[in-house]
Amino acid sequence: EMEAKYTRKMQALRDEMDLRRKTEIHELEERKNTQISELMGNHEGAFGAIKNYYNDITAKNLTLINLLKEQVEDLKKKEVVLEKEKADVLRQNKGLTEPLQEAQELVADLQKKLVHYYRDKEALMNSKAHLKITQKELKDLQWEHEVLEQRFSKVQAERDELYQKFTKAINEVQHKTGFKNLLLERKLQGLLSVLEQKEVELSEVIAASNLDPSALSLVSHKLEDMLSSKNATIQDLQLQLARVCKAHNDMLQTFEAKLTAFGIPLDNLGFQPLSFPLPGQ
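Procedures and definitions
- Residues numbered from 1 in each chain as written.
- Predicted model: local features only at pLDDT ≥ 70, side-chain atom pairs only at ≥ 80, totals over all residues.
- Heavy atoms only, no water.
- Helix = DSSP H or I, 4+ residues; strand = E, 2+ residues; numbered from the N terminus.
- Buried < 20%, exposed > 50% of the residue type's maximum accessible area, 1.4 Å probe, protein only.
- Contact = heavy atoms within 4.5 Å.
- Areas by Shrake-Rupley, 256 points an atom, 1.4 Å probe, with all protein chains shown as cover.
- Salt bridge = Lys/Arg side-chain N within 4 Å of Asp/Glu carboxyl O.
- pLDDT = per-residue confidence, 0-100.
- Phe/Tyr/Trp six-rings, centres within 6.5 Å; stacked < 30°, edge-to-face > 60°.
- Patch = residues over 30% accessible without salt bridge, like charges linked within 9 Å, V, L, I, M, F, W, Y side chains within 5 Å.
- Lys, Arg positive; Asp, Glu negative; His and termini not counted.
- Charge placed at Lys NZ, Arg CZ, Asp CG, Glu CD.

Engineer: Hey, could you run me through the overall build of the chain in this one?
Structural biologist: Helices and strands together make up the secondary structure of the chain, namely three helices and zero strands. Counting across all 281 residues of the chain, residues that qualify as buried make up 8%. Once local pairs closer than 6 in sequence are excluded, the contacts in the chain between residues at least 24 apart make up 81%. For the chain, the exposed area adds up to about 24,200 Å²; of that, 58% sits on carbon and sulfur atoms.

Engineer: Hey, could you run me through the pattern of salt bridges in this one?
Structural biologist: For side chains bearing opposite charge, pairing can occur when the charged atoms are close. Enumeration over the complete set of coordinates arrives at five salt bridges. For E16, the salt bridge identified is with R20, shortest N-O distance 3.6 Å. On the criterion of helical spacing, the pair formed by E16 and R20 is a turn pair, its members being four residues apart in helix α1 (residues 2-95). A relative accessible area of 43% means that E16 is categorised as partly exposed. Taking the relative accessible area as the measure of exposure, R20 reaches 43% and is therefore partly exposed. Of the charged contacts, one joins K136 and D140 as a salt bridge, the two residues approaching to 3.1 Å between their closest N and O atoms. With K136 and D140 both in helix α2 (residues 97-209) and four residues apart, the pair spans about one turn of that helix. Of the residues examined, K136 reaches a relative accessible area of 53% and is grouped as exposed. On the accessibility criterion, D140 (35% relative accessible area) is partly exposed.

Engineer: Sorry if this is basic, but what is going on with the confidence of the model for the chain here?
Structural biologist: Close inspection of predicted coordinates is inappropriate for parts of the model with low pLDDT. For the chain, the mean per-residue pLDDT works out to 79, and 81% of the residues sit at or above 70. Taken element by element, the chain is modelled with least confidence in helix α3 (residues 213-261), mean pLDDT 73, and with most confidence in α1, mean pLDDT 91. Here residues 277-281 scores under 50 on pLDDT; set against residues more than four positions off or in separate chains, the count is eight contacts.

Engineer: Sorry, what's going on with the packing of aromatic side chains here?
Structural biologist: Describing an aromatic ring pair means giving the distance of the ring centres and the angle of the ring planes. According to the stated counting rule, one finds two aromatic pairs in the structure shown. Seen in terms of ring centroids, Y53 and Y54 are 5.3 Å apart; in terms of plane orientation they differ by 75°. Their pairing is edge-to-face. Seen from their ring centres, Y117 and Y118 are 5.9 Å apart, and the 50° between their planes marks the pair as tilted.

Engineer: Before we go on, may I ask you to explain a nonpolar patch on the surface in this structure?
Structural biologist: Together, I50, Y53 and Y54 line one region of the surface with nonpolar side chains, adding up to about 360 Å² of accessible area. Topologically, Y54 is positioned in helix α1.

Engineer: How should I be thinking about a negative patch on the surface in this particular structure?
Structural biologist: Taken together, E24, E27, E29 and E30 make up a surface patch of like negative charges. Residue position: E27 is located in helix α1.

If you want it as C-alpha cells, here you go:
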C-alpha cells in the first residue's frame, strides 16, 4: 500500500512537473516569437530608413550632376566669349604699347617727385604735430604750475594756522601743567616739612614724657598709621605729578610729529619734555 501510495504521488508529481515544463516551454516560445517579431519589425524599419536615405542621396546626386553639367556648358560658352574678348584686348594692347611706355616713363618720373613730396609733407606734418604737442605740454605745465602755486599758498596758510594753533595749545598746556606741577611740588614740600616737624616734636615729647613701654608702643602704632597715610598721600601726589608730566610730553611729541609732517623745523620750538618726579616711573 505504501509503495502504491508513493507510486501515485510520484506519478502525480511527474504529471505536475511535465505540465509546468510544458507551460514554461510555451511561455519561452511566446517570448521568443515576440522578440523575433519585434526584431523583424525593427529591422524592416531600419532597412526602410536606410533605403529612403540612400534614395534621397541618389536623387540629390543626380540633381547635382545635372546642375554641374549645365554650369560646365555655361562656362564653356563664357570661355568662348572670353577668348574673343582676349583677342580683341591683345589687338588693342599692341596699339597701346608705345603710349604705355611713354606713360610709364612719365609715371616713374612723377613717382619720384611724389616720393619727395610725401617726404616733405610728412616732415611738415611731424613738425606741426611736434609743435602742437610742445604747445600742449607748455599749457599743461603752466596750468600745473598755477595749480601748484595755489596749493602751495593754501598749504602755507594751513601750516601757519596749524603752527599758531599748536603753539597756542602747547603754551596753554605748558602753562596749566607748570602751574599744576608747581602746586603739587609746593604741596609735597609742605607735607614733607610738616612730617619732619611732627617727627621732631614726637621725639621731644617721647623724650620728655618718660612713658611706659605699652603706652609708647600704642603711640608708636598710631604714629606709624598716620605716617603710612601721609606716605600714601605723598605717593598719590607724586603719581598725579607723573601723569601730568607724561600728558605734557605726549602732547609735545604729537606736536613735533605734526611739525615734521608739515616740513616745519624743530630748532626754534622752545619747549622741552618734563622730567618725572620719581625715577623709573
